[in-house]
Amino acid sequence: MSKSLLIISRQAPWSGPGAREALDVVLAGGAFDLPIGLLFLDDGVFQLATGQDAKAIQQKDLSANLQALSLFGIDEVFACSKSLAERGLASPGSVQPLSSEQISQMFERYDQVMTF
(Lines give C-alpha, C1' and ligand atoms only; values in the text may rest on other atoms or scores of the structure.)
Protein backbone atom coordinates (compact mmCIF):
# COMPACT_ATOMS: atom_id res chain seq x y z
CA MET A 1 0.00 0.00 0.00
CA SER A 2 1.32 3.44 -0.94
CA LYS A 3 1.91 5.97 1.78
CA SER A 4 0.04 9.22 1.45
CA LEU A 5 2.03 12.41 0.99
CA LEU A 6 1.20 16.03 1.71
CA ILE A 7 3.27 18.62 -0.12
CA ILE A 8 3.30 22.10 1.41
CA SER A 9 4.29 24.92 -0.92
CA ARG A 10 5.28 28.05 1.03
CA GLN A 11 7.25 30.05 -1.56
CA ALA A 12 5.98 32.63 -4.00
CA PRO A 13 6.31 31.45 -7.60
CA TRP A 14 9.29 33.67 -8.43
CA SER A 15 11.20 33.75 -5.14
CA GLY A 16 13.30 30.67 -5.89
CA PRO A 17 13.03 27.07 -7.08
CA GLY A 18 10.80 25.87 -4.20
CA ALA A 19 7.47 26.52 -5.91
CA ARG A 20 8.49 24.72 -9.09
CA GLU A 21 10.04 21.82 -7.14
CA ALA A 22 6.88 21.36 -5.07
CA LEU A 23 4.74 21.15 -8.21
CA ASP A 24 7.22 18.75 -9.84
CA VAL A 25 7.04 16.39 -6.85
CA VAL A 26 3.23 16.53 -6.83
CA LEU A 27 2.98 15.82 -10.57
CA ALA A 28 5.54 13.00 -10.39
CA GLY A 29 3.66 11.40 -7.49
CA GLY A 30 0.40 11.75 -9.36
CA ALA A 31 1.91 10.04 -12.40
CA PHE A 32 2.61 7.03 -10.15
CA ASP A 33 -0.88 7.13 -8.60
CA LEU A 34 0.38 8.03 -5.13
CA PRO A 35 -2.19 9.54 -2.75
CA ILE A 36 -1.02 13.16 -2.67
CA GLY A 37 -2.36 16.41 -1.29
CA LEU A 38 -1.04 19.89 -2.02
CA LEU A 39 -1.31 22.78 0.44
CA PHE A 40 -0.46 26.38 -0.43
CA LEU A 41 0.62 28.22 2.69
CA ASP A 42 2.13 31.64 3.45
CA ASP A 43 3.58 33.23 0.27
CA GLY A 44 2.88 29.98 -1.58
CA VAL A 45 -0.68 31.21 -2.13
CA PHE A 46 0.73 33.72 -4.64
CA GLN A 47 1.01 30.76 -7.02
CA LEU A 48 -2.78 30.84 -7.22
CA ALA A 49 -2.95 34.47 -8.38
CA THR A 50 -4.14 34.93 -11.94
CA GLY A 51 -2.55 37.12 -14.59
CA GLN A 52 1.08 36.61 -13.62
CA ASP A 53 3.65 37.45 -16.30
CA ALA A 54 6.56 35.05 -15.95
CA LYS A 55 8.25 36.37 -19.07
CA ALA A 56 8.78 39.75 -17.42
CA ILE A 57 11.32 38.16 -15.07
CA GLN A 58 12.49 35.49 -17.53
CA GLN A 59 10.95 32.57 -15.65
CA LYS A 60 8.81 29.62 -16.64
CA ASP A 61 5.07 30.11 -16.09
CA LEU A 62 3.81 27.68 -13.43
CA SER A 63 0.11 28.12 -14.21
CA ALA A 64 0.14 25.25 -16.73
CA ASN A 65 1.47 22.92 -14.02
CA LEU A 66 -1.33 23.99 -11.70
CA GLN A 67 -3.93 23.35 -14.38
CA ALA A 68 -2.47 19.88 -14.99
CA LEU A 69 -2.99 18.73 -11.39
CA SER A 70 -6.40 17.19 -12.07
CA LEU A 71 -5.03 15.39 -15.16
CA PHE A 72 -2.54 13.65 -12.85
CA GLY A 73 -5.25 12.67 -10.37
CA ILE A 74 -4.39 15.35 -7.82
CA ASP A 75 -7.77 16.36 -6.44
CA GLU A 76 -6.79 17.32 -2.90
CA VAL A 77 -5.55 20.88 -3.39
CA PHE A 78 -5.84 23.27 -0.46
CA ALA A 79 -4.91 26.82 0.51
CA CYS A 80 -4.66 28.46 3.90
CA SER A 81 -7.59 30.88 4.11
CA LYS A 82 -5.62 33.16 6.45
CA SER A 83 -2.69 33.34 4.01
CA LEU A 84 -5.09 34.15 1.17
CA ALA A 85 -6.82 36.90 3.16
CA GLU A 86 -3.55 38.47 4.33
CA ARG A 87 -2.43 38.77 0.70
CA GLY A 88 -5.75 39.93 -0.71
CA LEU A 89 -6.28 36.81 -2.82
CA ALA A 90 -9.32 34.66 -3.50
CA SER A 91 -9.15 30.90 -3.72
CA PRO A 92 -9.75 29.51 -7.22
CA GLY A 93 -12.73 27.16 -7.45
CA SER A 94 -10.52 24.07 -7.70
CA VAL A 95 -8.66 24.91 -4.47
CA GLN A 96 -10.28 24.32 -1.10
CA PRO A 97 -9.56 27.06 1.47
CA LEU A 98 -8.84 25.77 4.98
CA SER A 99 -8.72 27.40 8.39
CA SER A 100 -5.67 26.97 10.64
CA GLU A 101 -7.60 24.40 12.68
CA GLN A 102 -8.54 22.41 9.56
CA ILE A 103 -4.90 22.44 8.44
CA SER A 104 -3.78 21.07 11.81
CA GLN A 105 -6.33 18.26 11.52
CA MET A 106 -5.30 17.56 7.93
CA PHE A 107 -1.75 16.59 8.98
CA GLU A 108 -3.19 13.51 10.66
CA ARG A 109 -4.57 12.25 7.33
CA TYR A 110 -1.16 11.97 5.63
CA ASP A 111 1.68 9.56 6.35
CA GLN A 112 4.43 11.94 5.22
CA VAL A 113 4.75 15.71 4.82
CA MET A 114 7.25 17.60 2.66
CA THR A 115 7.63 21.37 2.77
CA PHE A 116 9.07 23.50 -0.04
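Bear in mind the structure is a predicted one, so any value in this text is a computation, not a measurement.

Conventions and cut-offs
- Residues numbered from 1 in each chain as written.
- Predicted model: local features only at pLDDT ≥ 70, side-chain atom pairs only at ≥ 80, totals over all residues.
- Heavy atoms only, no water.
- Salt bridge = Lys/Arg side-chain N within 4 Å of Asp/Glu carboxyl O.
- Helix = DSSP H or I, 4+ residues; strand = E, 2+ residues; numbered from the N terminus.
- Buried < 20%, exposed > 50% of the residue type's maximum accessible area, 1.4 Å probe, protein only.
- Polar contact = N/O pair within 3.5 Å; in protein donor to acceptor, adjacent residues only side chain to side chain.
- Pairing = 2+ DSSP bridges.
- Axes fitted to C-alpha atoms, helices over the stretch in contact; angles between N-to-C directions.
- Right-handed = clockwise from strand over helix to strand, strands pointing away.

S.K.: Explain the pattern of salt bridges to me, using residue names and the numbers behind them.
M.R.: In total, this model carries 4 salt bridges according to the counting rule given. Of the charged contacts in the structure, one is a salt bridge between Arg10 and Asp42, with a shortest N-O distance of 2.2 Å. Here the residue Arg10 occupies a position in the loop between β1 (5-9) and α1 (18-31), and Asp42 occupies one in the loop between β2 (36-40) and α2 (63-67), the gap between them amounting to 32 residues. In this structure Arg10 comes out as partly exposed when scored by relative accessible area, which is 41%.

S.K.: Now, about the side chain of Ser83: what can you tell me, with residues and values included?
M.R.: Considering the arrangement of structural elements, one finds Ser83 in helix α3 (residues 81-86). When its relative accessible area of 3% is taken as the criterion, Ser83 is described as buried. Within the structure, the side chain of Ser83 is placed 2.9 Å from the backbone nitrogen of Asp42, a separation counted as a polar contact.

S.K.: Which residues make up the sheet that holds β2, and what values go with them?
M.R.: For sheets, the rule is that strands pair by backbone hydrogen bonds, running either parallel or antiparallel. Reading across the sheet, the 5 strands line up as β4-β3-β2-β1-β5 and stay open at both edges, with parallel pairing between neighbours. Bordering the open sheet on either side are β4 (96-98) and β5 (112-115), each of which pairs with just one other strand. In this sheet, adjacent strand axes meet at a mean angle of 25 degrees when their direction is disregarded. Pairing analysis gives 5 bridges linking β1 to β2, with the strands arranged parallel. Residue pairing in the sheet places Ser9 in a bridge with Phe40 of β2.

S.K.: Could you give an account of the environment of Pro13, naming the residues involved and the relevant values?
M.R.: With respect to the secondary-structure elements, Pro13 resides in the loop between β1 and α1. As a C-alpha pair, Pro13 and Leu48 span 35 residues in sequence and 9.1 Å in three-dimensional space.

S.K.: Give a detailed account of the pairing of β1, specifying residues and quantitative values.
M.R.: Most of β1 sits inside the fold, with 5 of its 5 residues counted as buried. Side chains Leu5, Ile7 and Ser9 project from β1 onto one buried face, and the interleaved Leu6 and Ile8 project onto a second face that is buried too. As for the winding sense of the linkage, the β-α-β connection from β1 through α1 to β2 is right-handed. As paired elements, β1 and β5 share 4 bridges and run parallel to each other. The partner of Leu6 across the bridge, within β5, is Val113.

Keep in mind these values describe shape, not function.
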